[in-house]
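Each chain, written out:
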Amino acid sequence: MDKKVELDKLLDSIDTGAEAPVSEPERQFFYMAKCREWTKAEKARLGRELTFHVQTFGCQMNAKDSEKLTGILEEIGYVETDSENADFVIYNTCTVRENANNRVYGRIGYLGTLKKKNPGMKIAMCGCMMQEEHVVEKIRRSYRFVDIVFGTHNIFKLAELFYESLKRGKMVVEVLQGTDMIVEDLPSERKYPFKAGVNIMYGCNNFCSYCIVPYVRGRERSRKPEDIIHEIEELAANGVVEVMLLGQNVNSYGKTLAEPVSFAKLLRMVNEVEGIRRIRFMTSHPKDLSDELIQAMAECEKVCMHLHLPVQSGSSRILKAMNRRYTKEDYLALVDRIKAAMPSISLTTDIIVGFPGETEEDFLETVDVVKKVGYDSAYTFLYSKRTGTPAATMENQVPEDVAKERFDRLLQVVTEVSAQRAQEDTGRIEEVLVEERNEQEPGLVTGRLSNNLLVHFPGDTDLIGQIVRVRLDECRGFYYMGTQSIR
Ligand code: SAH
Ligand code: SF4
Ligand code: F3S
């Protein structure tokens, strides 16, 4: 039976007058059933559907959490809408850089004006920003119209928190400092029918000195391999052909399990799942990328020829201050081993410019790494000071104008290097997963190459979700124009 139909039946059978169960996920099913009674009455009262909108800020981990929130809201009886003019709006926030926070604050005020027009509107704030005390304080003080505030460790509790806010009629705040709990089997709604993200671990133990993630996402916890494989088998049975394994540092997967399993072994297990055609993963920390993993990647035919390997800086001195635990030489040697095993691999990276103490010489080392590795693309960030991290109190913070000037220079190098890389593949015929209709040019569809680049080509929308062969006719910097090939 379809999972959603199965859960619907289960919720219908729950006695909502009984005591709430203590174990999970049963407790959440109980609250979903209770909230569903409320939405039913509310819909009858208003004579219309109730709508919701989940806005995701931040990384793929947050996007995945938003799918879980969506799954719960749909179970409760809301229908999704693209607009924030909805009956239930959730902001799933990010705090990795200061501008991520500012974007959120700028928009909560707007939600307040919407709520004035629709007083029955519910507003929830969750995600990484909410793990910071000063943020919650600010919301309590300045945005009193918010109904629910929760963090990264209790997103599975949305139904329970919602029920509580209905009962209490005032702001409900629940932010946990950490958890060792992983709740399985909750509903989750996928954005695409043919590809899906799969959490393999939560949290991070690395404490890179600039990074807030370990503070807001807690300690590293891995899901059991059998739970992961079971989920992927179910996805495959429902038409998913590509999975993206998600974790802040997938290379240290499995170390904390009662029976440790390496990420390389997990990859081989996923490779065996029938129906899955492509496997991707994010993110890899260079210090934990083993030769065992390189070999597994090379041998597993479903693993895409793309590796995101954040370098952050090319200067060994800065890398040490960043607590990255590798040197420039270690990184370049690792890249050599990867390229030797997989000559066609596409490498992408993250780089921070303007870390405290960065000199012109340090910066030139970064430029050197970009040129030596020849990245297919690189995400470049201006260093952003995060309160509570060791780097925030370091001396020699780099003046903004200096950092900005370096940033612009780096961007230019990155653009040149990646355009050159893309040019090399022009004329080839490659397999692509067709993902969507091209918004700009009707008649075109967009496919993703194994190396993660996009190609636009004439095709019908019924190709969406299929893997087809496409000739890369023309390179336009970061993407190609192509034609479907029957060969
Ligand atoms: N876990 C991943 C990255 C998560 S954050 C990893 O270790 O690779 C995504 C990227 O944001 C990081 O790779 C880093 O380049 C950038 N970043 C993190 N903290 C930052 C900060 N304080 N200022 C600027 N960029 C930052
Ligand atoms: Fe942040 Fe480093 Fe963990 Fe990545 S590995 S999430 S950069 S602390
Ligand atoms: Fe942002 Fe949280 Fe991801 S801080 S980058 S959404 S883990």
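Everything here concerns the structure above.
Residues numbered from 1 in each chain as written. Chains lettered and ligands numbered in written order. Predicted model: local features only at pLDDT ≥ 70, side-chain atom pairs only at ≥ 80, totals over all residues. Heavy atoms only, no water.

Chemist: In this structure, what is going on with the site of ligand 1? I would like to understand it.
Modeler: Within the structure, ligand 1 sits among 15 residues, and Arg97, Gln248, Gln312, Asp350 and Ser384 are positioned closest to it. In the model, an oxygen atom of ligand 1 is placed 2.6 Å from a nitrogen or oxygen of the Asp350 side chain. Protein contact buries 90% of the 540 Å² of open area that ligand 1 shows by itself. Those elements that place two or more of their residues in the shell around ligand 1 are strand S13 (346-353) and strand S14 (377-382). Its residues assigned to classes, the shell around ligand 1 comprises 7 nonpolar, 4 polar and 4 charged. (Near = heavy atom within 4 Å. Polar contact = N/O pair within 3.5 Å; in protein donor to acceptor, adjacent residues only side chain to side chain. Areas by Shrake-Rupley, 256 points an atom, 1.4 Å probe, with all protein chains shown as cover. Helix = DSSP H or I, 4+ residues; strand = E, 2+ residues; numbered from the N terminus. Nonpolar A, V, L, I, M, F, W, Y, C, P; charged D, E, K, R; others polar.)

Chemist: Looking at this model, I keep getting lost on the site of ligand 2. Mind explaining?
Modeler: Residues in close proximity to ligand 2 include Cys204, Asn206, Phe207, Cys208, Tyr210, Cys211, Val213, Pro214, Gln248, His285 and Arg324, which together make up its full environment. Class assignment of the residues belonging to the shell around ligand 2 gives a composition of 7 nonpolar, 3 polar and 1 charged.

Chemist: Explain the nonpolar core here, please?
Modeler: Val243, Leu245, Phe263 and Ile338 are the most contacted members of the largest nonpolar core, which has 71 residues in total. Filtering out sequence-adjacent residues up to four positions away, Phe263 remains in contact with Ile200, Leu245, Val250, Asn251, Tyr253, Phe281 and Leu293. Formed by 31 residues, the second largest nonpolar core is a distinct cluster that contains Cys35, Val54, Ala159 and Val172. (Core = buried A, V, L, I, M, F, W, Y, C linked by side-chain atoms within 4.5 Å. Buried < 20%, exposed > 50% of the residue type's maximum accessible area, 1.4 Å probe, protein only. Contact = heavy atoms within 4.5 Å.)

Chemist: How do you make sense of the packing of helix H9 (residues 263-271) against helix H10 (residues 291-299) when you look at a structure like this?
Modeler: Axis angle and axis distance: for two packed helices, these are the angle between their axes and the distance between the axes, and together they describe the pair. Closest axis-to-axis distance for the H9/H10 pair is 8 Å, and the angle between their directions is 15°. Taken together, the axes of H9 and H10 lie roughly parallel to each other. In terms of crossing hand, the pair formed by H9 and H10 is left-handed. Here Phe263, Ala264, Lys265, Leu267 and Arg268 of H9 come into contact with H10, specifically with Glu292, Leu293, Gln295, Ala296, Met297 and Glu299. Residue classes in the contact of H9 with H10 are distributed as 6 nonpolar, 1 polar and 4 charged. (Axes fitted to C-alpha atoms, helices over the stretch in contact; angles between N-to-C directions. Parallel < 35°, antiparallel > 145°, perpendicular 65-115°, else oblique. Left-handed = near helix turned anticlockwise from the far one by under 90°.)

Chemist: Can you help me understand the sheet that holds strand S5 (residues 148-150) in this one?
Modeler: Note on sheets: strands pair through backbone hydrogen bonds, and any given pair is parallel or antiparallel. With parallel pairing, 6 strands are arranged side by side in an open sheet as S2-S1-S3-S4-S5-S6. Of all strands in the sheet, those bounded by a partner on one side alone are strand S2 (79-80) and strand S6 (172-174). Note that strand S3 (residues 88-93) and strand S4 (residues 122-127) share 6 bridges and pair parallel. Looking at the pairing, Val89 lines up with Ile123 of S4. (Pairing = 2+ DSSP bridges.)

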